[in-house]
Structure formats: structure tokens, C-alpha cells
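The primary structure of each chain is shown beneath.
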Amino acid sequence: PKTVVAMLNMDMVGRMKGNALEVNGSATSGPWRAIVDGANVAGAGVVDALTLSYPRAVPPGSDHQPFIVKRVPALFLFTGMHCDYHRGSDTWDRINVDGVVKVARLVAGVARSVADRAQRLSFESPTWADRRPPMGCTP
């Protein structure tokens with residue numbers, strides 16, 4: 001029997017700006033958006049609710065991709081590209097610690113909701129983005 005019920009990919013969530021979090025992959029299961037929105041409300045461990053966006057197409061090329069290919073519902077959480085990506089200048093002092101804490105609280109709520117479900121999440125094949133569009137480089 002399949003034991004993996006979902007995948008939560010937190011990739012590049014350390015540079016949050018304006019409380020914004022991109023939630024990719026919600027199209028891989030119908031309940032995802034309600035689960036994420038439910039974890040993003042006061043009383044669910046969230047002090048300041050995040051500003052969530054739900055892109056329609058899923059960007060390829062990160063750890064969520066092989067799970068989706070195997071028909072496992074997956075989310076790819078992302079706070080945006082930055083100029084230091086894969087460079088030596090990407091140092092610890094540039095991390096938005098408060099933002100990381102907010103993402104971690106949200107993910108804990110999402111994981112708890114998925115674990116407490118009586119039934120597995122259904123899988124829906126998403127539309128793949130051609131590639132991640134280049135993002136403006138703002139230091």
C-alpha cells in the first residue's frame with residue numbers, strides 16, 4: 001500500500017517580503033486550498049495571517065516534481081527569487097526569521113490537517129508551468 005499521502009516542499013522560504021507566500025501545487029488535490037486557508041487563520045497557531053497566492057500552473061524543477069509525477073498531492077511553498085540565489089552572498093544574516101516562523105506554523109497546521117483526515121487526499125493532475133519565470137532581482 002502507498003504510505004506517502006502528501007508532500008510539502010518549503011523551498012526558498014527565507015526571504016519573505018510583505019507577508020507574501022506563493023502556494024504552488026494546490027491544483028494537485030481539490031482540498032488543498034481549503035486546508036491551507038484553514039491553517040492560515042488566527043487560532044490555528046498563526047499570529048499574523050500570510051498573504052497567500054495560488055498560481056494555477058506548477059513550476060517544475062524542485063523537490064515536489066517527482067512526487068507529483070508519482071501522483072502524490074504536493075505543495076511547493078515559495079517566498080520569491082533573490083539576487084543571492086546559489087551564491088556565496090546568500091548568508092544567514094539575510095534570512096527573514098519572522099517570515100520563516102510564519103511559514104513553519106502554516107506548514108505545521110497543513111500537516112496536522114492532512115494527518116487528521118479520515119481519507120487520503122485525492123490526486124488531480126496539474127498544469128505544469130513552462131519554467132519558473134525570471135523574477136526581478138532586488139537586493
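Residues numbered from 1 in each chain as written. Predicted model: local features only at pLDDT ≥ 70, side-chain atom pairs only at ≥ 80, totals over all residues. Heavy atoms only, no water.

## Digging into the packing of helix 1 (residues 32-39) against helix 3 (residues 97-116)
Stated formally: Only the stretch in contact is used when a helix axis is fitted, and all axes are lines through C-alpha atoms; the angle between N-to-C directions ranges over 0 to 180 degrees. Only DSSP runs of H or I covering at least 4 residues are called helices, and only runs of E covering at least 2 are called strands; the numbering of each starts at the N terminus. In this scheme, roughly parallel covers angles under 35 degrees and roughly antiparallel covers those over 145, while 65 to 115 is roughly perpendicular and the rest are oblique. Each crossing gets its handedness from the near helix: less than a right angle anticlockwise from the far helix is left-handed, clockwise is right-handed. Note on contacts: a residue pair qualifies if any of its non-hydrogen atoms lie within 4.5 Å across the two residues. Each residue receives one of three labels: charged for Asp, Glu, Lys and Arg, nonpolar for Ala, Val, Leu, Ile, Met, Phe, Trp, Tyr, Cys and Pro, and polar for the others, Gly being one of them.
Orientation of helix 1 relative to helix 3, taken along the N-to-C sense of each, is 130°, at an axis distance of 8 Å. As summarised for this structure, helix 1 and helix 3 are arranged oblique, according to the angle between their axes. Both helix 1 and helix 3 take part in a crossing whose hand is right-handed. Contacts between helix 1 and helix 3 involve W32, I35, V36 and A39 from the former and L106, G109, V110, S113 and V114 from the latter. Grouping the amino acids of the contact of helix 1 with helix 3 by side-chain chemistry returns seven nonpolar, two polar and no charged.

## Considering the pattern of salt bridges
The condition that has to hold: Counted as salt bridges are all cases of a side-chain nitrogen of Lys or Arg within 4 Å of a carboxyl oxygen of Asp or Glu.
Inspection of the entire model under this criterion finds four salt bridges. A salt bridge links R15 to D90, with the shortest nitrogen-to-oxygen separation between them at 3.0 Å. Within this pair, whereas R15 is found in the loop between strand 1 (7-10) and strand 2 (20-24), its partner D90 is found in the loop between strand 4 (74-78) and helix 3, the two being separated by 75 residues in sequence. The shortest N-O distance in the salt bridge between R112 and D116 comes to 3.1 Å. Note that R112 and D116 are positioned in helix 3 at a spacing of four residues, about one turn of the helix. Each of the salt bridges in this network shares a partner with another, and the network as a whole consists of R15, D84, D90 and R94.

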